There are 2 protein chains.
Amino acid sequence: MNNQVQIAPVTESLPDFFKKTDYSKIVVIADIQTRRHCYPLVKPLLPAHTLVTVPNGEAHKNLATCEQIWDTMTKAELDRYALVLNVGGGVIGDMGGFCAAVYKRGIDFVQIPTTLLSQVDASVGGKLGIDFQGFKNHLGVFNLPRIVLIDPIFLQTLPPREIRSGFAEIIKHCLIADAAKWEEIRHKELDEQNWPDLIAHSVEVKKNVVEQDPTEKGLRKILNFGHTLGHAVETHFLGKPKGQRLLHGEAIAVGMITEGYLAHRKKMIDRQTLEQIEEFIFSIFGKVLIQSDDIGTIIELTRQDKKNRGREIRFSLLDGIGSCAFDVPVSSADMRRALEYYAG
Amino acid sequence: MNNQVQIAPVTESLPDFFKKTDYSKIVVIADIQTRRHCYPLVKPLLPAHTLVTVPNGEAHKNLATCEQIWDTMTKAELDRYALVLNVGGGVIGDMGGFCAAVYKRGIDFVQIPTTLLSQVDASVGGKLGIDFQGFKNHLGVFNLPRIVLIDPIFLQTLPPREIRSGFAEIIKHCLIADAAKWEEIRHKELDEQNWPDLIAHSVEVKKNVVEQDPTEKGLRKILNFGHTLGHAVETHFLGKPKGQRLLHGEAIAVGMITEGYLAHRKKMIDRQTLEQIEEFIFSIFGKVLIQSDDIGTIIELTRQDKKNRGREIRFSLLDGIGSCAFDVPVSSADMRRALEYYAG
């Protein structure tokens, strides 16, 4: 399992890639946003291709959108020697990669992640998939892109809220694997962070974990810190009016605090550590309004988490700054306490 | 890539399998036919499980049926440690396997092929998939079942036409890989063949090829002998009134004769060999009525064949009895000649 990632301007990396490869056809997948803001930067660097534009947002990361993509691929008569190029954030990378991995039992694809979130997380590690009946990444496969091309220039196309969302995964990578980096970031404001450096750091942390356990039988589960309650919160808020919906990183920020609480409750981290985490995350993300009506649904949603075994809900919990345990069973009562702690 | 296949009565193999494994939940997938005729034979041998029954036939090997299966899996709260058990022919094995391989990025599945066709072909080799917009196996993945359990007792549940359909793949395995076995079968009528022996032979031939080239980069393509025109014929006849539709093996029988003609035209086999193949296959399968109106559409349909590269249609063609070449480009004009030769 070799996660090939190149951090460089696309003006260099893309021509270089096409010099070394020979595809029969190329399909570019973008959403309405990235078609406008990112596609113009890559278009002049590409050979002849077909562009598919899909509606943007997690709400469209589903089979219906895949059918639209497969339809275009079929009409363009893509054969097994064709390439799919995904230009967009995590939704485009996960869904476009899934469409490529399943088309004629798998054709090559390249990820050009355009959000901070996808640059530091989704583009690395070969997890592909779509949502089903509202459950996140319920359908998918493990499959590696031919290469991931990361260019920090795309960050200039993002609103600050998107940058902040991506920062959540950077924070996670520091908390689970690198105490020194955590010290470095936690004393800076959002706009003082060094993004190119942090992208490279996150990619390294993630690659290192994924290469040891590509299909998440064990160690890789630590990357799910903040994601069990985080995903449930994200899914729950998808059903809310538009103004209340959360970006992925905003939900993961809630997940890291609530799961930090769980780690403290299980005596895996001390109170001071919990408060340090909480203080920094609240300073960046503020607090999401979670009402007592929400809590039951959120807990119910954790039942569909892919790490579960049978009826037991299992978490990846910090056992110190820079260190994380996995497969820790947590009761519904403790989840309720964690969410009440957060909301309180 | 280890294709584990066990040929034994399910009364032995199934209890044995469950003694050695520990699944959180079990879902059994069957179609209306196999639910009635085959499921009763395995039901008493299974731990507690959920049964999904899907409509039968190739026409339902599509995303809509997968959604029904995924819906049941989700409602049954299947986790990653669950098992899918496919009880049926190639359609159920391909589609049920695909559903398992994609659910939560892949859970274990076991194949219990109940038709001769699936016992000698579909259940071995890890090709999973469904049709899309009428194109056969257009969406899918490569993934191996935990084990394939083959029990010849299920052949007793099949009408003779189904047995004959499966025999086409046995003929193919002899023609591409074993001249001695070809000599053995071609002097017997359909009801004189030794099925348990031929099943074991076909499984061996196929395993041997697949293990050398699991993802069909090269050698595995020889298994597609008869399938380029055969698939196109099958797809074309799917659109005909019910009485004229063909079973898979019936279409492959057409494919083996027409592609035999192509091999002869390219001087890869002599006329006597072509006539030997033709005579035996016609004696078993009779002749399908292909009219001049059909020919253009059939040729057009070969454009979606997964072996193609760009606009070139590539065939796997015999270069002798028991030997097969692959990636042989064939023109539309030659395909037309082959179909006219068959029809004439």
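See above for the structure.
Reading the values: rules and limits
- Residues numbered from 1 in each chain as written.
- Chains lettered and ligands numbered in written order.
- Predicted model: local features only at pLDDT ≥ 70, side-chain atom pairs only at ≥ 80, totals over all residues.
- Helix = DSSP H or I, 4+ residues; strand = E, 2+ residues; numbered from the N terminus.
- Buried ≥ 20, exposed ≤ 12 C-beta atoms within 10 Å, placed from the backbone.
- Pairing = 2+ DSSP bridges.
- Axes fitted to C-alpha atoms, helices over the stretch in contact; angles between N-to-C directions.
- Contact = placed C-beta atoms within 7 Å.
- Expected span 1.5 Å × (residues − 1).
- Nonpolar A, V, L, I, M, F, W, Y, C, P; charged D, E, K, R; others polar.

Trainee: Any chance you could explain unusual backbone geometry here in plain terms?
Mentor: For residues besides glycine, phi is generally negative; the peptide bonds are generally trans as well. Residues and elements named next belong to chain A. In the Ramachandran plot, Gln-133 falls in the positive-phi region, its phi being about 50 degrees despite a non-glycine side chain. Mapped onto the elements, Gln-133 comes out in the loop between β6 (127-132) and β7 (135-142). Here the phi dihedral of Asn-137 falls at roughly 50 degrees; this positive angle occurs in a residue that is not glycine. Looking at the secondary structure, you find Asn-137 in strand β7. Looking at Asn-137, the number of C-beta atoms within 10 Å reads 20, which means it is buried.

Trainee: What is the right way to read the sheet that holds strand β2 (residues 26-31) of chain B from this model?
Mentor: Strand pairing in a sheet relies on backbone hydrogen bonds, with the paired strands running either antiparallel or parallel. Residues and elements named next belong to chain B. Strand order in the open sheet formed by 6 strands is β1-β8-β5-β4-β2-β3, and the pairing between neighbours is parallel. The sheet terminates laterally at β1 (5-7) and β3 (50-54), the two strands that pair on one side only. Across the sheet, the axes of successive neighbouring strands diverge by a mean angle of 20 degrees, strand direction being ignored. Taken together, the 6 bridges between strand β4 (residues 83-88) and strand β5 (residues 108-113) define a ladder with parallel strand orientation. Each bridged residue has a counterpart across the sheet, and for Val-84 the counterpart in β5 is Phe-109. Its contacts with the sheet put helix α4 (residues 63-75) on β2 and β3, and the angle it makes with β3 is roughly 165 degrees. Seen against the sheet, helix α5 (residues 90-102) touches β2, β4 and β5 and runs at an angle of roughly 170 degrees to β4.

Trainee: Is there a simple way to explain the sheet that holds strand β4 (residues 83-88) of chain A in this structure?
Mentor: Residue and element names in this part refer to chain A. The sheet built from 6 strands is open, its strands ordered β1-β8-β5-β4-β2-β3 with parallel pairing. Here the strands that pair on one side only, and so sit at the sheet edges, are β1 (5-7) and β3 (50-54). With direction set aside, neighbouring strand axes in the sheet form an average angle of 20 degrees.

Trainee: I keep staring at helix α7 (residues 160-177) of chain B and nothing clicks. Help me out?
Mentor: One turn of the α-helix equals 3.6 residues, which is why residues spaced by three or four share an orientation. Taking 1.5 Å per residue as the helical rise, α7 of chain B with its 18 residues ought to reach 26 Å, and the 26 Å between its terminal C-alpha atoms agrees with that figure. Summarising burial for α7 of chain B: 15 of the 18 residues are buried, a large majority.

Trainee: I keep staring at the interface of chain B and chain A and nothing clicks. Help me out?
Mentor: As a measure of interface size, the accessible area lost when the parts come together is often cited. On the chain A side, the residues contacting the 30 residues of chain B number 30 residues. Secondary structure elements with two or more residues in the side of chain B that touches chain A: α4, α5, β6 (127-132) and β7 (135-142) of chain B. In terms of residue count, β7 of chain B provides more of the side of chain B that touches chain A than any other element does, 6 residues in total. Split by residue class, the side of chain B that touches chain A holds 11 nonpolar, 9 polar and 10 charged.

These values are about where atoms sit, not about what they do.
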